[in-house]
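Commentary on secondary and tertiary structure
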Amino acid sequence: MTIAADASILNPVTLFMEADFVVKGIMVGLAVASVWSWAVIIDKAFRFATLNGQATAFENAVGSGRSLEEIAAQAGPNPSHPLPRMLVIALSDWRETRTRGPLNEAQANMLMARIDRALDSLIAREGQKVENGLGVLSVVATSSPFIGLFGTVWGIMNAFGNIAAAGNTNLTTVAPAIAEALFATAIGLAAAIPAYIAYNKFSIDAGKFTGRLESFADDLQAAVARRLGAAPAAEARREI
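Residues numbered from 1 in each chain as written. Predicted model: local features only at pLDDT ≥ 70, side-chain atom pairs only at ≥ 80, totals over all residues. Heavy atoms only, no water.

1. What to know about the packing of helix α4 (residues 68–75) against helix α5 (residues 82–98)
To keep it simple, the criterion reads: Axis angles are defined between N-to-C directions and span 0 to 180 degrees, where every axis is a line fitted to C-alpha atoms and, for a helix, only to the segment in contact. Helix and strand labels come from DSSP, where a helix needs a run of H or I of at least four residues and a strand needs a run of E of at least two; each type is numbered from the N terminus. Any angle that falls under 35 degrees is termed roughly parallel, while one over 145 is termed roughly antiparallel, one within 65 to 115 roughly perpendicular, and all others oblique. For any helix crossing, the convention is left-handed if the near helix is rotated counterclockwise from the far helix by under a right angle, and right-handed if that rotation is clockwise. Whether two residues are in contact is decided by their heavy atoms, any of which lying within 4.5 Å being enough. Here the nonpolar group is Ala, Val, Leu, Ile, Met, Phe, Trp, Tyr, Cys and Pro; Asp, Glu, Lys and Arg are the charged ones; every other residue, Gly included, is treated as polar.
Put simply, α4 and α5 touch, their axes get as near as 9 Å, and they point 120 degrees apart. Here α4 lies oblique to α5, going by the angle between them. α4 and α5 meet at a crossing whose hand is left-handed. Between α4 and α5, the contacting residues are Leu68, Glu69, Ile71, Ala72 and Ala75 on the first element and Pro84, Leu87, Val88, Leu91 and Arg95 on the second. Its residues assigned to classes, the contact of α4 with α5 comprises 8 nonpolar, no polar and 2 charged.

Written as C-alpha coordinates, this is what we have:
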(Lines give C-alpha, C1' and ligand atoms only; values in the text may rest on other atoms or scores of the structure.)
Protein backbone atom coordinates (compact mmCIF):
# COMPACT_ATOMS: atom_id res chain seq x y z
CA MET A 1 0.00 0.00 0.00
CA THR A 2 1.38 3.40 -0.95
CA ILE A 3 1.64 6.36 1.44
CA ALA A 4 -0.98 8.25 -0.60
CA ALA A 5 -3.40 5.35 -0.42
CA ASP A 6 -2.78 4.96 3.31
CA ALA A 7 -3.45 8.67 3.88
CA SER A 8 -6.68 8.56 1.89
CA ILE A 9 -7.98 5.76 4.08
CA LEU A 10 -7.66 7.98 7.16
CA ASN A 11 -9.26 11.01 5.49
CA PRO A 12 -12.92 11.29 6.62
CA VAL A 13 -13.85 13.42 3.61
CA THR A 14 -12.43 10.87 1.20
CA LEU A 15 -14.11 8.01 3.05
CA PHE A 16 -17.45 9.82 2.83
CA MET A 17 -17.15 10.84 -0.82
CA GLU A 18 -16.16 7.35 -1.99
CA ALA A 19 -18.79 5.50 0.06
CA ASP A 20 -21.95 3.94 -1.38
CA PHE A 21 -25.00 6.23 -1.54
CA VAL A 22 -26.78 4.18 1.15
CA VAL A 23 -23.77 4.44 3.44
CA LYS A 24 -23.56 8.16 2.71
CA GLY A 25 -27.19 8.59 3.74
CA ILE A 26 -26.55 6.70 6.97
CA MET A 27 -23.48 8.83 7.70
CA VAL A 28 -25.44 12.05 7.13
CA GLY A 29 -28.28 10.82 9.33
CA LEU A 30 -25.88 9.90 12.12
CA ALA A 31 -24.15 13.27 11.85
CA VAL A 32 -27.50 15.06 12.15
CA ALA A 33 -28.41 12.91 15.16
CA SER A 34 -25.08 13.76 16.78
CA VAL A 35 -25.59 17.50 16.26
CA TRP A 36 -29.13 17.22 17.63
CA SER A 37 -27.98 15.35 20.73
CA TRP A 38 -25.18 17.88 21.34
CA ALA A 39 -27.73 20.70 21.13
CA VAL A 40 -29.80 18.93 23.79
CA ILE A 41 -26.69 18.30 25.91
CA ILE A 42 -25.63 21.95 25.86
CA ASP A 43 -29.17 23.15 26.56
CA LYS A 44 -29.59 20.74 29.48
CA ALA A 45 -26.21 21.61 30.96
CA PHE A 46 -27.06 25.33 31.06
CA ARG A 47 -30.63 24.68 32.20
CA PHE A 48 -29.66 22.49 35.15
CA ALA A 49 -26.88 24.87 36.15
CA THR A 50 -29.35 27.77 36.15
CA LEU A 51 -32.10 25.87 37.99
CA ASN A 52 -29.77 24.58 40.69
CA GLY A 53 -28.07 27.96 41.11
CA GLN A 54 -31.40 29.73 41.58
CA ALA A 55 -32.62 26.97 43.91
CA THR A 56 -29.52 27.34 46.10
CA ALA A 57 -29.96 31.11 46.29
CA PHE A 58 -33.64 30.73 47.20
CA GLU A 59 -32.93 28.09 49.87
CA ASN A 60 -30.29 30.36 51.37
CA ALA A 61 -32.87 33.17 51.51
CA VAL A 62 -35.38 30.90 53.24
CA GLY A 63 -32.75 29.79 55.74
CA SER A 64 -31.62 33.35 56.47
CA GLY A 65 -34.35 33.88 59.05
CA ARG A 66 -36.48 36.24 56.96
CA SER A 67 -40.22 35.67 57.00
CA LEU A 68 -41.73 33.52 54.27
CA GLU A 69 -44.10 36.36 53.37
CA GLU A 70 -41.18 38.69 52.74
CA ILE A 71 -39.41 36.14 50.54
CA ALA A 72 -42.61 35.42 48.60
CA ALA A 73 -43.21 39.14 48.07
CA GLN A 74 -39.68 39.52 46.73
CA ALA A 75 -40.21 36.59 44.33
CA GLY A 76 -43.33 38.22 42.88
CA PRO A 77 -46.82 36.85 42.18
CA ASN A 78 -45.77 34.45 39.42
CA PRO A 79 -42.09 33.44 39.78
CA SER A 80 -40.52 31.37 37.03
CA HIS A 81 -38.56 29.04 39.31
CA PRO A 82 -40.60 26.24 40.90
CA LEU A 83 -39.32 26.70 44.46
CA PRO A 84 -40.58 30.28 44.97
CA ARG A 85 -43.72 29.36 43.02
CA MET A 86 -44.38 26.59 45.54
CA LEU A 87 -43.99 29.11 48.37
CA VAL A 88 -46.38 31.55 46.70
CA ILE A 89 -48.99 28.79 46.23
CA ALA A 90 -48.77 27.61 49.84
CA LEU A 91 -48.95 31.10 51.33
CA SER A 92 -51.79 32.06 49.00
CA ASP A 93 -53.88 29.10 50.19
CA TRP A 94 -52.96 29.87 53.78
CA ARG A 95 -53.99 33.53 53.56
CA GLU A 96 -57.20 32.73 51.69
CA THR A 97 -58.27 30.23 54.33
CA ARG A 98 -57.28 32.43 57.29
CA THR A 99 -59.37 35.36 56.00
CA ARG A 100 -62.48 33.26 56.64
CA GLY A 101 -61.83 33.24 60.36
CA PRO A 102 -60.59 30.63 62.85
CA LEU A 103 -60.17 27.09 61.52
CA ASN A 104 -61.48 23.95 63.08
CA GLU A 105 -59.65 20.64 62.75
CA ALA A 106 -61.55 19.56 59.63
CA GLN A 107 -60.86 22.87 57.87
CA ALA A 108 -57.19 22.68 58.82
CA ASN A 109 -56.97 19.17 57.36
CA MET A 110 -58.67 20.34 54.17
CA LEU A 111 -56.17 23.19 53.89
CA MET A 112 -53.22 20.81 54.27
CA ALA A 113 -54.71 18.42 51.70
CA ARG A 114 -55.29 21.26 49.21
CA ILE A 115 -51.72 22.52 49.60
CA ASP A 116 -50.40 18.98 49.26
CA ARG A 117 -52.30 18.41 45.99
CA ALA A 118 -51.22 21.77 44.55
CA LEU A 119 -47.55 21.15 45.37
CA ASP A 120 -47.65 17.58 44.04
CA SER A 121 -49.18 18.81 40.78
CA LEU A 122 -46.50 21.48 40.40
CA ILE A 123 -43.72 18.97 41.14
CA ALA A 124 -45.09 16.58 38.52
CA ARG A 125 -45.19 19.32 35.88
CA GLU A 126 -41.71 20.55 36.70
CA GLY A 127 -40.38 16.99 36.67
CA GLN A 128 -41.70 16.57 33.13
CA LYS A 129 -40.12 19.87 32.09
CA VAL A 130 -36.64 18.99 33.30
CA GLU A 131 -36.87 15.61 31.55
CA ASN A 132 -37.79 17.12 28.18
CA GLY A 133 -35.13 16.25 25.61
CA LEU A 134 -33.85 13.16 27.44
CA GLY A 135 -35.84 10.99 25.04
CA VAL A 136 -33.74 12.33 22.17
CA LEU A 137 -30.54 11.35 23.96
CA SER A 138 -31.95 7.90 24.72
CA VAL A 139 -32.92 7.26 21.09
CA VAL A 140 -29.56 8.47 19.76
CA ALA A 141 -27.62 6.47 22.36
CA THR A 142 -29.45 3.19 21.69
CA SER A 143 -30.00 3.34 17.94
CA SER A 144 -26.88 5.01 16.53
CA PRO A 145 -24.52 2.01 16.95
CA PHE A 146 -26.97 -0.31 15.17
CA ILE A 147 -27.61 2.18 12.36
CA GLY A 148 -23.86 2.58 11.93
CA LEU A 149 -23.44 -1.18 11.96
CA PHE A 150 -26.06 -1.51 9.23
CA GLY A 151 -24.09 0.98 7.14
CA THR A 152 -20.93 -1.04 7.74
CA VAL A 153 -22.57 -4.31 6.73
CA TRP A 154 -24.02 -2.71 3.61
CA GLY A 155 -20.66 -1.17 2.70
CA ILE A 156 -18.78 -4.42 3.21
CA MET A 157 -21.28 -6.32 1.06
CA ASN A 158 -20.77 -3.79 -1.75
CA ALA A 159 -17.00 -3.92 -1.23
CA PHE A 160 -16.92 -7.70 -1.57
CA GLY A 161 -19.11 -7.46 -4.65
CA ASN A 162 -16.73 -4.97 -6.26
CA ILE A 163 -13.73 -7.07 -5.29
CA ALA A 164 -15.31 -10.17 -6.82
CA ALA A 165 -16.14 -8.27 -10.01
CA ALA A 166 -12.60 -6.94 -10.29
CA GLY A 167 -11.04 -10.30 -9.43
CA ASN A 168 -8.41 -8.53 -7.34
CA THR A 169 -7.98 -9.33 -3.64
CA ASN A 170 -4.89 -7.21 -3.16
CA LEU A 171 -4.85 -5.35 0.18
CA THR A 172 -4.59 -2.04 -1.65
CA THR A 173 -7.91 -2.79 -3.32
CA VAL A 174 -9.65 -4.22 -0.26
CA ALA A 175 -8.56 -1.75 2.43
CA PRO A 176 -10.21 1.46 1.14
CA ALA A 177 -13.59 -0.25 0.64
CA ILE A 178 -13.48 -1.82 4.10
CA ALA A 179 -12.40 1.47 5.68
CA GLU A 180 -15.34 3.30 4.07
CA ALA A 181 -17.73 0.72 5.51
CA LEU A 182 -16.22 0.78 9.00
CA PHE A 183 -16.36 4.59 9.03
CA ALA A 184 -20.14 4.35 9.39
CA THR A 185 -19.75 2.37 12.60
CA ALA A 186 -17.24 4.91 13.88
CA ILE A 187 -19.73 7.76 13.27
CA GLY A 188 -22.47 5.75 14.99
CA LEU A 189 -20.30 5.26 18.08
CA ALA A 190 -19.25 8.91 18.05
CA ALA A 191 -22.92 9.89 18.14
CA ALA A 192 -23.98 7.26 20.69
CA ILE A 193 -21.28 7.55 23.37
CA PRO A 194 -21.80 11.25 24.32
CA ALA A 195 -25.58 10.80 24.14
CA TYR A 196 -25.43 7.77 26.43
CA ILE A 197 -23.22 9.49 29.00
CA ALA A 198 -25.33 12.67 28.92
CA TYR A 199 -28.60 10.74 29.19
CA ASN A 200 -27.47 8.99 32.36
CA LYS A 201 -26.04 12.17 33.89
CA PHE A 202 -29.10 14.32 33.18
CA SER A 203 -31.47 11.57 34.31
CA ILE A 204 -29.69 11.60 37.67
CA ASP A 205 -29.77 15.42 37.73
CA ALA A 206 -33.51 15.42 36.97
CA GLY A 207 -34.14 12.95 39.79
CA LYS A 208 -32.09 15.05 42.21
CA PHE A 209 -33.92 18.24 41.24
CA THR A 210 -37.31 16.58 41.65
CA GLY A 211 -36.20 15.32 45.05
CA ARG A 212 -35.17 18.86 45.92
CA LEU A 213 -38.67 20.09 45.09
CA GLU A 214 -40.25 17.31 47.13
CA SER A 215 -38.07 18.14 50.15
CA PHE A 216 -39.03 21.80 49.96
CA ALA A 217 -42.70 20.82 49.63
CA ASP A 218 -42.37 18.78 52.85
CA ASP A 219 -40.75 21.76 54.59
CA LEU A 220 -43.55 24.05 53.41
CA GLN A 221 -46.25 21.70 54.67
CA ALA A 222 -44.46 21.45 58.00
CA ALA A 223 -44.33 25.26 58.23
CA VAL A 224 -48.06 25.54 57.49
CA ALA A 225 -48.79 22.80 60.05
CA ARG A 226 -46.82 24.73 62.67
CA ARG A 227 -48.83 27.85 61.88
CA LEU A 228 -52.07 25.92 62.17
CA GLY A 229 -50.95 24.61 65.53
CA ALA A 230 -49.90 28.06 66.72
CA ALA A 231 -53.15 29.77 65.65
CA PRO A 232 -55.47 28.00 68.13
CA ALA A 233 -52.99 28.60 70.95
CA ALA A 234 -52.88 32.33 70.15
CA GLU A 235 -56.68 32.50 70.04
CA ALA A 236 -56.90 30.71 73.41
CA ARG A 237 -54.49 33.23 74.97
CA ARG A 238 -56.63 36.10 73.64
CA GLU A 239 -59.74 34.58 75.22
CA ILE A 240 -57.99 34.33 78.58
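2. Quick word on the pattern of salt bridges
How we decide: For this analysis, a salt bridge means a side-chain nitrogen from Lys or Arg found within 4 Å of a carboxyl oxygen belonging to Asp or Glu. We call a residue buried when its accessible area falls under 20% of the maximum for its residue type, exposed when it is over 50%, and partly exposed in between, using a 1.4 Å probe and counting protein chains only.
Across all of its chains, the model carries 6 salt bridges by this definition. The partner of Arg66 in a salt bridge is Glu70, and the shortest N-O contact between them spans 3.4 Å. Take Arg66: its relative accessible area is 29%, and that puts it in the partly exposed class. Ionic pairing is found between Lys201 and Asp205, a salt bridge with its closest N-O pair at 2.5 Å.

3. Here we look at the nonpolar core
Note the threshold: Grouping buried Ala, Val, Leu, Ile, Met, Phe, Trp, Tyr and Cys residues that are joined through side-chain atoms within 4.5 Å yields what is termed a nonpolar core.
Met86, Leu87 and Leu137 are the most contacted members of the largest nonpolar core, which totals 44 residues. At the level of secondary structure, the elements contributing two or more residues to this core comprise α3 (21–62), α4, α5, α6 (105–131), α7 (134–166) and α8 (171–239). When residues in this core are grouped by element, the largest group, 13 residues, is from α8. Here Met86 is in contact with Leu119, Leu122, Ile123, Leu213, Phe216, Ala217 and Leu220, once residues within four sequence places are set aside. Among the nonpolar cores identified, the runner-up in size contains 10 residues, and Val23, Ala179, Phe183 and Ile187 belong to it.

4. Details of the packing of aromatic side chains
Stated precisely, the cut-off is as follows: Two rings from Phe, Tyr or Trp (for Trp, the six-membered ring) form a pair when their centres sit within 6.5 Å of each other. Planes less than 30 degrees apart are called stacked, planes more than 60 degrees apart edge-to-face, and all others tilted.
For the structure on display, the rule yields 3 aromatic pairs. With 5.5 Å between their ring centres and 75 degrees between their planes, Phe58 and Phe216 make a pair best called edge-to-face. One end of the pair, Phe58, is in helix α3; the other, Phe216, is in helix α8, and 158 residues separate them in sequence. A ring pair is formed by Phe150 and Trp154, whose centres lie 6.2 Å apart and whose planes are at 45 degrees; its orientation type is tilted. Taken together, the residues span about one helical turn, with Phe150 and Trp154 both in helix α7 at a distance of 4 residues. For Phe150, a relative accessible area of 46% gives the class partly exposed. Here Trp154 falls in the partly exposed class, since its relative accessible area comes to 31%.

5. Some details on a negative patch on the surface
So the rule is basically this: Each patch is built from residues that are more than 30% exposed by relative accessible area and take part in no salt bridge. Like charges join if they lie within 9 Å; nonpolar side chains (Val, Leu, Ile, Met, Phe, Trp, Tyr) join within 5 Å. All accessibility values rest on the Shrake-Rupley procedure with a 1.4 Å probe; residue burial counts only the protein chains present in the view. In this charge count, Lys and Arg are treated as positive and Asp and Glu as negative; neither His nor the chain ends contribute. Here the site of a charge means NZ on Lys, CZ on Arg, CG on Asp, or CD on Glu.
A contiguous patch of negative charge, built from Asp120, Glu214, Asp218 and Asp219, is present on the exposed surface. When residues in the negative patch are grouped by element, the largest group, 3 residues, is from α8. Assignment of secondary structure puts Asp120 in helix α6. Using a relative accessible area of 42% as the deciding quantity, one classes Asp120 as partly exposed.

6. A word on α5
Operational definition: Multiplying 1.5 Å by the helix residue count minus one yields the expected span of that helix.
An ideal rise of 1.5 Å per residue puts 24 Å on 17 residues; α5 measures up with 24 Å between its terminal C-alpha atoms. Burial analysis of α5 places 12 of its 17 residues in the buried class, which makes it a mostly covered element. Those residues of α5 that fall on the buried side of the exposure criterion are Pro82, Leu83, Pro84, Arg85, Met86, Leu87, Val88, Ala90, Leu91, Asp93, Trp94 and Thr97.

7. Thoughts on the side chain of Ser144
Along the chain, Ser144 falls in helix α7. The buried category is assigned to Ser144, whose relative accessible area is 2%. Once you skip the residues sitting within four places of it in the chain, Ser144 turns out to touch Leu30, Val139, Gly188, Ala191 and Ala192.

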